[in-house]
Amino acid sequence: YIELKDVVRMLALVALCVAVGVAAISLTALSWLQAAAGRGLQAMLVAVAFVALSLTVHAAWARRRPRAALRVPMRTAACMLAVSWLEMSAAIGALYVLLPSTTMLPAAQFALMFVAAMLLGIVSHAPGGSGGFEAASRSAMPRGEAAGLFVALLLYRLLYNVLHFLLAVSWLAF
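Reference entry: report on the structure contained in this document. (Residues numbered from 1 in each chain as written. Predicted model: local features only at pLDDT ≥ 70, side-chain atom pairs only at ≥ 80, totals over all residues. Heavy atoms only, no water.)

### Considerations on the overall build of the protein chain
Per the secondary structure count, the protein chain includes six helices and zero strands. The proportion of buried residues among the 174 residues of the protein chain is 27%. Counting only contacts in the protein chain whose residues sit at least 6 apart along the sequence, the fraction spanning at least 24 positions is 62%. (Helix = DSSP H or I, 4+ residues; strand = E, 2+ residues; numbered from the N terminus. Buried < 20%, exposed > 50% of the residue type's maximum accessible area, 1.4 Å probe, protein only. Contact = heavy atoms within 4.5 Å.)

Following this line, the structure appears as structure tokens:
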């Protein structure tokens, strides 16, 4: 039996992980674009400042500890940042390698496009962001092979959504 307050806390934790992942990936992509423009030191300083600021804000927030707050220890928060970044990087990489070469964007621009499309998919409230994610991806990509992009998006959905679902169901069955 799970109480409603525990469900709300779990949902808050998931939302926090998504927000942290989006921020971390966006910062990484923007830093990468800055480094490509010859401003590598500034990009690295911005990335370090983001991590330091994130952990400082978390520490200040954790000290207050309102009763209803989601309490996450500092070590767990740092792990959440790393896992969120890795998970979102894997999702971006999975779709990036499936794209046909005619529709390729530079990796950093593609990462920003992916994050924006993912957020539009979340906002659409469709199951799995279906439709919103694909439409945003299609409109952000350079004109080219629409069929190849569609096949890549379909394979991405199969690999990244259906495969994970089947693995979770099989794990829960045992």
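Following the structure, the description resumes.
### A word on the packing of helix α5 (residues 132–140) against helix α6 (residues 146–173)
Their axes nearest at 11 Å, the elements α5 and α6 cross at an angle of 145 degrees. Relative to α6, α5 is oriented so that their crossing is right-handed. Contact residues: F133, E134, S137 and R138 in α5; A146, L149, L153, Y156 and R157 in α6. Split by residue class, the contact of α5 with α6 holds five nonpolar, one polar and three charged. (Axes fitted to C-alpha atoms, helices over the stretch in contact; angles between N-to-C directions. Left-handed = near helix turned anticlockwise from the far one by under 90°. Nonpolar A, V, L, I, M, F, W, Y, C, P; charged D, E, K, R; others polar.)

### Section: unusual backbone geometry
Within the chain, H125 stands out as a residue other than glycine whose phi angle is a positive 60 degrees. Positionally, H125 belongs in the loop between α4 (107–123) and α5. Judged by its relative accessible area of 72%, H125 falls in the exposed class.

### Some remarks on helix α3 (residues 74–98)
For α3, built from 25 residues, the straight-helix expectation of 36 Å at 1.5 Å per residue is met to within 8% by its first-to-last C-alpha distance of 36 Å. Taken residue by residue, α3 has A77, M80, L81, S84, M88, A91, I92 and L95 as its buried positions. (Expected span 1.5 Å × (residues − 1).)

### Some remarks on the side chain of S84
Tracing the backbone shows S84 in helix α3. Setting aside its immediate chain neighbours within four residues, S84 contacts C17, V20 and G21.

### Thoughts on the nonpolar core
Among the nonpolar cores identified, the biggest contains 25 residues, and L95, F110 and F133 are the most heavily contacted of them. The set of elements that each furnish at least two residues to this core consists of α1 (4–36), α3, α4, α5 and α6. Of all the elements, α4 adds the most residues to this core, at eight residues. When neighbours within four sequence positions are excluded, L95 is seen to be in contact with F110, F114, F133, A152, L153 and Y156. (Core = buried A, V, L, I, M, F, W, Y, C linked by side-chain atoms within 4.5 Å.)

### A few points about the pattern of salt bridges
Under the definition given, this model contains one salt bridge. R157 is paired through a salt bridge with E134; the nearest N and O atoms lie 2.8 Å apart. Here the residue R157 occupies a position in helix α6, and E134 occupies one in helix α5, the gap between them amounting to 23 residues. (Salt bridge = Lys/Arg side-chain N within 4 Å of Asp/Glu carboxyl O.)

### A word on α6
Taking 1.5 Å of rise per residue, the 28 residues of α6 would be expected to cover 40 Å, and the 39 Å separating its terminal C-alpha atoms lies within 8% of that figure. V162 marks where α6 bends most, by close to 25 degrees. Among the residues making up α6, those that are buried are G148, L149, A152, L153, Y156, R157 and Y160. Taken together, the buried residues of α6 touch α3, α4 and α5. (Bend = angle between axes of the 7 residues up to and from the residue.)

By themselves, these observations are geometric and do not establish any function.
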